[in-house]
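# Close look at the chain arrangement
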Amino acid sequence: MKSISGKRLCGVLEKHGWELQRIRSSHHIYAQPGNPTILTVPVHGNRDLKTGTLHKLLKEAGLSDDDL
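This text gives an overview of the structure that appears in the document.

Cut-off values and rules
Residues numbered from 1 in each chain as written. Predicted model: local features only at pLDDT ≥ 70, side-chain atom pairs only at ≥ 80, totals over all residues. Heavy atoms only, no water. Helix = DSSP H or I, 4+ residues; strand = E, 2+ residues; numbered from the N terminus. Contact = heavy atoms within 4.5 Å. Buried < 20%, exposed > 50% of the residue type's maximum accessible area, 1.4 Å probe, protein only.

### Concerning the side chain of Ser26
Topologically, Ser26 is positioned in the loop between β1 (19–24) and β2 (27–32). When neighbours within four sequence positions are excluded, Ser26 is seen to be in contact with Val41, Pro42, Val43 and His44.

The following block contains the structure:
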């Protein structure tokens with residue numbers, strides 16, 4: 001799994017229909033209409049997300065490595 005930054009993951013989520021609900025400090029909260037799942041993406045500048053965090057967020061969003 002390649003590692004990407006939180007900023008880039010936010011762009012990928014928005015491209016796949018997720019909407020930014022709010023920003024609390026450095027965490028961007030995303031939701032999708034008709035889907036009860038809420039995603040919290042840590043955005044710390046251009047630092048890459050840890051692979052475990054990235055994998056969990058992709059799984060909850062219903063995305064795969066190929067969507068990056």
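Past the structure itself, the notes keep going.
### A word on the environment of His27
Considering the arrangement of structural elements, one finds His27 in strand β2. Filtering out sequence-adjacent residues up to four positions away, His27 remains in contact with Arg22, Thr40, Val41 and Pro42.

### What to know about the side chain of His28
Positionally, His28 belongs in strand β2. By relative accessible area, His28 is classed as buried at 17%.

### A short note on unusual backbone geometry
The bulk of non-glycine residues show a negative phi, and the bulk of peptide bonds are trans. Notably, Ser25 is not glycine yet its phi reads approximately 60°, a positive angle. As for its position among the elements, Ser25 is in the loop between β1 and β2. Taking the relative accessible area as the measure of exposure, Ser25 reaches 71% and is therefore exposed.

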